Amino acid sequence: ETNGFTEDITIAQNKDIFNIDLGLQMNLPKIDIGIIETNDSKNQNYKGDIVNYTIEVTNNGPSELTQFQLIKIIPSTLTDVSNYTLNSGNIDSNGNVTNIHLHTNDKLIINYSAKINVNETTTITSTANISSPYNSSGELLFDIDPTNNFTSTNVSVVPRETDLEVIKEITN
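Conventions and cut-offs
- Residues numbered from 1 in each chain as written.
- Predicted model: local features only at pLDDT ≥ 70, side-chain atom pairs only at ≥ 80, totals over all residues.
- Heavy atoms only, no water.
- Helix = DSSP H or I, 4+ residues; strand = E, 2+ residues; numbered from the N terminus.
- Buried < 20%, exposed > 50% of the residue type's maximum accessible area, 1.4 Å probe, protein only.
- Polar contact = N/O pair within 3.5 Å; in protein donor to acceptor, adjacent residues only side chain to side chain.
- Contact = heavy atoms within 4.5 Å.
- Phe/Tyr/Trp six-rings, centres within 6.5 Å; stacked < 30°, edge-to-face > 60°.

Caption draft 1: Inspection of unusual backbone geometry at higher detail. Of note, the amide linkage connecting Gly 61 to Pro 62 takes the cis form, showing an omega dihedral of 5°. Secondary-structure assignment places Pro 62 in strand 4 (residues 50-62). Positive phi, close to 50°, is recorded for Asp 80, a residue that is not glycine. Along the chain, Asp 80 turns up in strand 6 (residues 78-86). In this structure, Ser 132 is a non-glycine residue whose phi angle is positive, near 55°. With respect to the helices and strands, Ser 132 occurs in strand 10 (residues 122-134).

Caption draft 2: Summary view of the side chain of Ser 63. Note that Ser 63 resides in the loop between strand 4 and strand 5 (67-73). Residue Ser 63 is classed as buried on the basis of its relative accessible area, which comes to 16%. For Ser 63, the side chain forms a polar contact with the main-chain oxygen of Lys 30, separated by 2.6 Å. Every residue in contact with Ser 63, bar those within four places of it in the chain, is listed here: Pro 29, Lys 30, Ile 31, Leu 102 and Leu 141.

Caption draft 3: How the structure looks around the packing of aromatic side chains. Taken as a whole, this structure holds two aromatic pairs when the rule is applied. Aromatic side chains Tyr 53 and Tyr 112 sit 4.9 Å apart centroid to centroid with 5° between the ring planes, which places their arrangement in the stacked category. Remark: Tyr 112 occurs in strand 9 (residues 107-116) and Tyr 53 occurs in strand 4; sequence separation between them is 59 residues. Comparing Tyr 53 with Tyr 112 shows no difference in burial state: the two are buried. An angle of 20° between the planes, with centres 5.2 Å apart, marks the rings of Tyr 84 and Tyr 112 as stacked. Note that Tyr 84 is positioned in strand 6 and Tyr 112 in strand 9, a separation of 28 residues in sequence. Residue Tyr 84 is classed as partly exposed on the basis of its relative accessible area, which comes to 39%. Of the aromatic side chains, those joined through ring pairs into one cluster are Tyr 53, Tyr 84 and Tyr 112.

Caption draft 4: A look at the side chain of Thr 127. In this structure, Thr 127 sits in strand 10. Assessed through its relative accessible area of 17%, Thr 127 is described here as buried. With sequence-adjacent residues up to four places away left out, Thr 127 is seen in contact with Glu 37, Ile 71, Lys 72, Ile 73, Phe 150, Thr 151 and Ser 152.

Read these as spatial facts, not as claims about activity.
So, in structure tokens, the structure goes:
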């Protein structure tokens, strides 16, 4: 079993198998953290609408999680990002989430809102990923499933339609 660092390499070429032992052994504590982001947008959203986002980070175990880095990309078509709330811990301007204690199956919920700042037919994609998990002993944790460390969510935007009618009457 490998834990993120190559211990043995198997090379198969023309049905010949070669094993190379590099003599490396790293026993980092293991964890599986996952992230999902959702939003409450409607099917049609317009410039000026407020969209509420929820980021859910889950510790799938087996180690306790006390710190990680959240890399959140907010597109320029969203403005006035505000109302950041966490159900536990702190987040700084660099996306470092600290002072949390997520045991196996615990979830960290981050909520925020943003205003749509585009008036054309488009899709706004918001992405987030997590990295650098640590435990309460300050040890870097090896994430055994990095495929669930990235998320994205979309908001469909359409231009506001104007309903304007001009009626001109001439009376003599």
